Amino acid sequence: MKGSLIVVLFFALGCVLGWGLNLFEITIDGDLTRYVLYLLMLQVGISIGCDKKLGDIIRNIRPTLLLVPLATIVGTLSFSALVSLVLVKWSVFDCMAVGSGFAYYSLSSILITELKEASLGVQLAAELGTIALMTNIMREIITLLFTPLMVKYFGRLAPICAGGATTIDTTLPIITKYSGQDLVFVAILHGILVDLSVPILVSFFCSL
Amino acid sequence: MFIVIGIMFGGIAIGYLLRKATFLKHIGKPINYTIILLLFLLGIQVGSDQNIIRNLPLLGGQALLLAVAGTLGSVLAAWLVYRFVFKKKEEKA
């Protein structure tokens, strides 16, 4: 939670600075963002590759456990697609790209802003990136707040699927508390696989 | 899109080859700094766009709709998997 607050704070600081720069008609080169994004992807890859838990987890995967991340992905994408019927401004694939963030707000918002620039133009791409940022932060907050209710009405897997990519870090403690210790492994495996799927699915839906 | 995914898989290979190196255990910190820097840059881009600033409440409403829909969809799918796969196993056990 503290981590997300710092991120939001810096995003807001950037907004204020950008607003100020705009008054003086100064623009910042967009290529810089792209290279920092490449750096981030390299770091994310290295952290996955050198994680010692990765080997254990791959060896212990049983097919039924894969149903949990699959439920997250199918459930999120189908309902995000339905939203495009209401938000006529955005295409069905735009909405699915935002949904594919699975609460990984930093990566999804940046990827969408970068990858959508070619087809939507700078302004609309930044708008969709901002929506992705807010959507995925809200998803994390919804999971943190409503985990007890989700477990009560939709079973012990519900907060794991709701948490998306965050079930490996920020939402793991609360999920452990309400879904039970025996599902910690399921939550971590789910978090890793959904984490991996974010850049792949977001780029895929941005390219359609 | 392939550049981004390619770089990530390259990183996974590097991380796997260097998994014995102790300095990589602390990769989490630089990742956080990069994320903060990127969101700051995204903020600059958003802030310098008067249209987005004016539309911020509207964008927030759209974001809330997408967040609720995505969460609801995954919770319903989770309920199906729990009800028909996991719970059956627990009953047998």
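Residues numbered from 1 in each chain as written. Chains lettered and ligands numbered in written order. Predicted model: local features only at pLDDT ≥ 70, side-chain atom pairs only at ≥ 80, totals over all residues.

### Regarding the overall build of chain B
Moving on, step 1. A count of helices and strands for chain B gives three helices and zero strands.
Moving on, step 2. The N-to-C order of helical and strand elements in chain B reads α-α-α.
Moving on, step 3. Counting the 93 residues in chain B, one finds 39% classified as buried. (Helix = DSSP H or I, 4+ residues; strand = E, 2+ residues; numbered from the N terminus. Buried ≥ 20, exposed ≤ 12 C-beta atoms within 10 Å, placed from the backbone.)

### Let's talk about the overall build of chain A
Moving on, step 1. A tally of regular secondary structure across chain A gives 11 helices and zero strands.
Moving on, step 2. The C-alpha radius of gyration computed for chain A amounts to 18 Å, which stays within 12% of the reference 17 Å derived for 208 residues, consistent with globular compactness.
Moving on, step 3. Projected onto its principal axes, the C-alpha coordinates of chain A cover approximately 55 × 40 × 30 Å.
Moving on, step 4. Put simply, chain A has 208 residues, and 52% of those count as buried. (Rg over C-alpha atoms; globule rule 2.2 N^0.38 Å.)

### Here's the deal with the nonpolar core
Moving on, step 1. The biggest cluster of nonpolar side chains holds 84 residues, and the ones touching the most others in it are Ile112, Leu157, Ala158, Ile160 and Cys161 of chain A together with Ala78 and Val81 of chain B.
Moving on, step 2. With 13 residues, helix α8 (residues 122-154) of chain A is the largest single contributor of residues to this core.
Moving on, step 3. Contacts of Ile112 of chain A, omitting those with residues within four sequence positions, involve Ala97, Val98, Leu128, Gly129, Ala132, Val202 and Cys206 of chain A. (Core = buried A, V, L, I, M, F, W, Y, C linked by C-beta atoms within 7 Å. Contact = placed C-beta atoms within 7 Å.)

### Some words on the interface of chain B and chain A
Moving on, step 1. Contact with chain B, which involves 67 residues of that partner, is made by 85 residues of chain A.
Moving on, step 2. Within the residue set of the side of chain B that touches chain A, elements represented by two or more residues are α1 (2-17), α2 (28-47) and α3 (50-92) of chain B.
Moving on, step 3. Here the element with the most residues in the side of chain B that touches chain A is α3 of chain B; it accounts for 30 residues.
Moving on, step 4. Classifying every residue of the side of chain B that touches chain A by side-chain character gives 45 nonpolar, 19 polar and three charged. (Nonpolar A, V, L, I, M, F, W, Y, C, P; charged D, E, K, R; others polar.)

### Some remarks on the confidence of the model for chain B
All names here are of chain B.
Moving on, step 1. Mean pLDDT over chain B: 82, with 88% of residues reaching 70 or higher.
Moving on, step 2. Of all secondary-structure elements in chain B, the lowest mean pLDDT belongs to α2, at 80, while α3 reaches the highest, 87.
Moving on, step 3. With a pTM of 0.78, the predicted complex shows an ipTM of 0.81. (pLDDT = per-residue confidence, 0-100.)

### Considerations on the packing of helix α5 (residues 92-99) of chain A against helix α11 (residues 184-207) of chain A
All names here are of chain A.
Moving on, step 1. For the pair α5 and α11, interaxial distance at closest approach is 8 Å and the crossing angle is 165°. With respect to each other, α5 and α11 are oriented roughly antiparallel. Between α5 and α11 the crossing geometry is left-handed. Contacts between α5 and α11 involve Phe93, Met96 and Ala97 from the former and Val202, Phe205 and Cys206 from the latter. (Axes fitted to C-alpha atoms, helices over the stretch in contact; angles between N-to-C directions. Parallel < 35°, antiparallel > 145°, perpendicular 65-115°, else oblique. Left-handed = near helix turned anticlockwise from the far one by under 90°.)

### Some words on the packing of α8 of chain A against helix α10 (residues 172-179) of chain A
Residue and element names in this part refer to chain A.
Moving on, step 1. Across the interface, α8 lies against α10 with an axial gap of 10 Å and an inter-helix angle of 20°. It follows that α8 is roughly parallel to α10 by the angle criterion. For the element pair α8 and α10, the recorded crossing hand is right-handed. Between α8, through Leu144, Thr147, Pro148 and Val151, and α10, the contact on the second element is made entirely by Ile174, Ile175, Tyr178 and Ser179.
Moving on, step 2. Within the contact of α8 with α10, the residues separate by chemical class into six nonpolar, two polar and no charged.

### Thoughts on unusual backbone geometry
Residue and element names in this part refer to chain A.
Moving on, step 1. With a phi angle near 40°, Phe102 is a residue other than glycine that sits in the positive phi range.
Moving on, step 2. As for its position among the elements, Phe102 is in the loop between α5 and α6 (105-115).
Moving on, step 3. One non-glycine residue, Ala103, lies in positive phi territory at about 75°.
Moving on, step 4. For Ala103, the location among the structural elements is in the loop between α5 and α6.
Moving on, step 5. Classification of Ala103 by C-beta neighbours within 10 Å gives buried; the count is 31.

### Remarks on helix α4 (residues 63-83) of chain A
Moving on, step 1. For α4 of chain A, built from 21 residues, the straight-helix expectation of 30 Å at 1.5 Å per residue is met to within 8% by its first-to-last C-alpha distance of 31 Å.
Moving on, step 2. When we look at burial in α4 of chain A, the residues that qualify are Leu67, Val68, Pro69, Ala71, Thr72, Ile73, Gly75, Thr76, Leu77, Phe79, Ser80 and Val83 of chain A. (Expected span 1.5 Å × (residues − 1).)

### Section: the environment of Ile137 of chain A
Residue and element names in this part refer to chain A.
Moving on, step 1. Assignment of secondary structure puts Ile137 in helix α8.
Moving on, step 2. The exposure class of Ile137 is buried, given the 21 C-beta atoms found within 10 Å.
Moving on, step 3. For the pair formed by Ile137 and Phe205, sequence separation is 68 residues and the distance between their alpha carbons is 20 Å.

### Focus: the environment of Ala158 of chain A
Moving on, step 1. Position of Ala158 of chain A relative to the elements: it lies in helix α9 (residues 158-163).
Moving on, step 2. The exposure class of Ala158 of chain A is buried, given the 30 C-beta atoms found within 10 Å.
Moving on, step 3. Separated by 61 residues in sequence, Ala158 of chain A and Ala97 of chain A have C-alpha atoms that sit 22 Å apart.
Moving on, step 4. Contact partners of Ala158 of chain A, with chain neighbours within four places excluded, come to Met150 and Val151 of chain A together with Val75, Ala78 and Trp79 of chain B.

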